[in-house]
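Residue-level structural notes
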Amino acid sequence: MTDDRLYQIGISLIPLVGCITARNLVAYAGGIREVFHTSEKELREIPGIGTVLARNIAKSDVLKRAEKELKFIEKNQIRPLFYLDKEYPDRLKACSDAPVMLYVKGEPDLNATKIISVVGTRSATDYGYQMVDELLGDLGNRNYRVMVVSGLAYGIDIRAHRAALKNGLPTVGVLAHGLDKLYPQLHAGTAREMVTNHGGLVTDFVSGSSIDRKHFIRRNRIIAGLADATLVVESAHKGGALVTAEIANSYNRDVFAFPGRKGDAFSEGCNFLIKSNRAALIESVADLEYIMNWEPAKGRPDAVQPRLFSDLSEDEKVVITILEEEGPLAIDILCIKSGMPMNKVSPLLLNLEFAGLVKGLPGKVFKLL
């Protein structure tokens, strides 16, 4: 798999080869390795691959850079996801321009049952903050197990992440650069908290990537593509939030916008989305429930009756048995004893917590209830 990863990372680094072209190359060549072992002449015969691209691919030395990136992600416990991987997010995979590679820090369930993106202006007002707090507070109070996606930027983005954490909702930040840095650095503490609370950080940029304005536009397609619905809280008539909404519309995803007062600069964008039928008007969680056909869970997660042992999956039974025999254990020890990777054990533990069978303790330690 290490060799496959080199080729998977490598194809995302070839100059002028975008995500759509990369997919075509893999399909026509017959596999990721074959792309790098196809002659320049044969490459030119692939639809959409001209002389320049064929030369770039045939003479590319990106595998050396890919090897460096592979060492970086292994050292920093970053999970690479190729678009053909089983764990690659299904919603994003359905988008024609989805990145061929994703890099994930933390153990978020990117295929969670319910995922929303919350975006808005960096110059948010008290009204915008109030809308975010109320919406995510109500989602938490009504026991929705919703993952909240945003861009970790100033304003609405960071408020959404922090409100999600406050209400026990996992949250993911999509970055416009590699995972060797964090921008803005002021939000590093929140990012760490996200990673340790069933959320994380996601990017399609390799380490060492520059922080460039055009990268934030590229980042927005992931924010839109990961979610069932995109919610715009506050936006001027032009801005990144409106771009994200347009991308979500192009993916045939639901878009919502909070209305604002006429004449307010940071309500113009939301009001435009609503009056042009690009977004549904939302004022509360009830509007989200109505359009998305969501129903709140019955009772608090900690009040859920424990499931019978016979109702558990085989992997869940393994985890329960280990905790019965060993007592409280750190998640990394659970992985070793169960023989399962972290990205499999983490969602199992989350499900068992929701079922009232397991409790998480400080230090990523888990015990039976």
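Below is a short write-up of the structure. The residue numbering used here restarts from 1 in each chain and proceeds along that chain's sequence as written. Under the rules for a predicted model, residues below a pLDDT of 70 receive no local features and side-chain atom pairs below 80 are neither given nor counted, while totals for whole chains, interfaces and linings still include all residues. Just so you know, side-chain values use all the structure's heavy atoms and leave hydrogens and water out.

It is worth spelling out the packing of helix H9 (residues 156-166) against helix H10 (residues 188-195) at this point. Fitting a line to C-alpha atoms yields each axis, with helices limited to the stretch in contact; the angle taken between N-to-C directions then spans 0 to 180 degrees. Counting from the N terminus, the helices are the DSSP runs of H or I reaching at least four residues and the strands are the DSSP runs of E reaching at least two. Between H9 and H10, the least distance of the axes is 11 Å, while the angle of their chain directions is 45°. The pairing of H9 with H10 is recorded here as oblique in orientation. In this structure, H9 meets H10 at a crossing whose hand is left-handed. Residues Ile158, His161, Arg162 and Leu165 of H9 form the contact with H10, whose participating residues are Thr190, Glu193 and Met194. If an angle is under 35 degrees, it is roughly parallel; if it is over 145, roughly antiparallel; if it lies from 65 to 115, roughly perpendicular; otherwise it is oblique. Put simply, a crossing is left-handed when the front helix is turned counterclockwise from the back one by less than a right angle, and right-handed when it is turned clockwise. A contact between two residues is defined here by any heavy atoms of the two lying within 4.5 Å.

To continue, consider the sheet that holds strand S9 (residues 280-281). By definition, two strands form a pair when at least two bridges between them are found by DSSP. Strand order across the open sheet formed by nine strands is S1-S2-S6-S5-S4-S3-S7-S8-S9, with mixed pairing between neighbours. Of all the strands in the sheet, just strand S1 (78-82) and S9 have a single pairing partner and so form its edges. As defined by bridge partners, strand S7 (residues 229-232) adjoins strand S8 (residues 254-257) across four bridges and the pair is classed as parallel. Considered in S8, the bridge of leucine 231 is made with phenylalanine 256. In the packing of helix H13 (residues 268-275) onto the sheet, the strands contacted are S7, S8 and S9, and the crossing angle to S8 comes to about 130°.

Pairing geometry for strand S10 (residues 329-330) and strand S12 (residues 365-368), over two bridges, is antiparallel. Within the sheet, the bridge partner assigned to leucine 329 lies in S12 and is phenylalanine 366. Where strand S11 (residues 358-361) meets S12, four bridges bridge the pair, whose relative direction is antiparallel. Residue glycine 360 lies in a different strand from S12, and its bridge partner there is phenylalanine 366.

Let's shift gears to the pattern of salt bridges. Should the charged atoms of two oppositely charged side chains come close, the side chains can pair. Whenever a carboxyl oxygen of Asp or Glu lies within 4 Å of a side-chain nitrogen of Lys or Arg, that contact is scored as a salt bridge. Inspection of every chain in the model, using the stated rule, returns 17 salt bridges. When the shortest N-O distance is used, the salt bridge between glutamate 87 and arginine 79 registers 3.3 Å. Throughout this description, buried means an accessible area under 20% of the type-specific maximum (1.4 Å probe, protein chains only), exposed means over 50%, and partly exposed covers the range between. Glutamate 87 gets classed as partly exposed once you look at its relative accessible area, which sits at 33%. A salt bridge links arginine 278 to glutamate 246, with the nearest nitrogen and oxygen atoms 3.0 Å apart. Of the two residues, arginine 278 is situated in the loop between H13 and S9 and glutamate 246 in helix H12 (residues 240-250); the sequence distance between them amounts to 32 residues.

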